[in-house]
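In case you want the letters, here they are:
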Amino acid sequence: MAQTAAPATAVPAFTPISLKAIAPWAVFFGILMLVLLYFVGAEQGATAVISGEGVHEWVHDGRHLLGFPCH
């Protein structure tokens, strides 16, 4: 005869995450992606926020990889 010290409890296999919990993170990462897309795709052009060539040099290869013209 076997005895157990703790009663057996069922652990749910999947717990859904509510949209209220995901929404702030989705907004944060969406804004972050838009800022990164701006710096890779449009910075050092007509709408430059930062003067000089620093940002252009840092994202130059990424521009070509994503198909943005920069020359």
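Now for a look at the structure at hand. None of these values were measured; they are calculated from a predicted model.

Some points on the overall build of the protein chain
Step number 1: When its secondary structure is counted, the protein chain shows two helices and zero strands.
Step number 2: The buried share of the protein chain, reckoned over its 71 residues, is 11%.
Step number 3: Counting only contacts in the protein chain whose residues sit at least 6 apart along the sequence, the fraction spanning at least 24 positions is 16%.
Step number 4: Total accessible area on the protein chain is roughly 6,300 Å²; 72% of this is exposed by carbon and sulfur atoms.

Concerning the packing of aromatic side chains
Step number 1: Per the stated rule, a full pass over the model turns up three aromatic pairs.
Step number 2: With a centroid separation of 6.4 Å and an interplanar angle of 90°, the aromatic rings of Trp25 and Phe28 are classed as edge-to-face. Taken together, the positions of Trp25 and Phe28, both in helix α1 (residues 19–41) and three residues apart, correspond to about one turn of that helix.
Step number 3: A relative accessible area of 56% means that Trp25 is categorised as exposed.
Step number 4: When the centroid spacing of 5.1 Å and the interplanar angle of 70° are considered together, the rings of Phe28 and Phe29 count as edge-to-face.
Step number 5: For Phe28, a relative accessible area of 46% corresponds to the partly exposed category.

Structural notes on a nonpolar patch on the surface
Step number 1: A contiguous nonpolar patch, built from Trp25, Phe28, Phe29, Leu32, Met33 and Leu36 and spanning about 630 Å² of accessible area, is present on the exposed surface.
Step number 2: With respect to the element layout, Leu36 can be found in helix α1.
Step number 3: By relative accessible area, Leu36 is classed as partly exposed at 43%.

Digging into helix α2 (residues 54–66)
Step number 1: In a regular helix each residue adds 1.5 Å, so 13 residues correspond to 18 Å; α2 covers 19 Å between its end C-alpha atoms and thus fits that length.
Step number 2: Along its length, α2 reaches its greatest deviation from straightness, about 50°, at His60.
Step number 3: Turning to α2, its buried residues are Val55, His56, Val59, His60 and Arg63.
Step number 4: Looking at the buried side of α2, the elements it contacts are α1.
Step number 5: Looking one or two residues beyond α2, the residue adopting positive phi is Gly67, at roughly 90°.

Things to note about the environment of Val49
Step number 1: For Val49, the position within the fold is in the loop between α1 and α2.
Step number 2: Given the relative accessible area of 62%, Val49 is considered exposed.
Step number 3: When the C-alpha atoms of Val49 and Phe39 are compared, they prove to be 9.2 Å apart, with ten residues separating the residues in sequence.

Cut-offs and rules
- Residues numbered from 1 in each chain as written.
- Predicted model: local features only at pLDDT ≥ 70, side-chain atom pairs only at ≥ 80, totals over all residues.
- Heavy atoms only, no water.
- Helix = DSSP H or I, 4+ residues; strand = E, 2+ residues; numbered from the N terminus.
- Buried < 20%, exposed > 50% of the residue type's maximum accessible area, 1.4 Å probe, protein only.
- Contact = heavy atoms within 4.5 Å.
- Areas by Shrake-Rupley, 256 points an atom, 1.4 Å probe, with all protein chains shown as cover.
- Phe/Tyr/Trp six-rings, centres within 6.5 Å; stacked < 30°, edge-to-face > 60°.
- Patch = residues over 30% accessible without salt bridge, like charges linked within 9 Å, V, L, I, M, F, W, Y side chains within 5 Å.
- Salt bridge = Lys/Arg side-chain N within 4 Å of Asp/Glu carboxyl O.
- Expected span 1.5 Å × (residues − 1).
- Bend = angle between axes of the 7 residues up to and from the residue.

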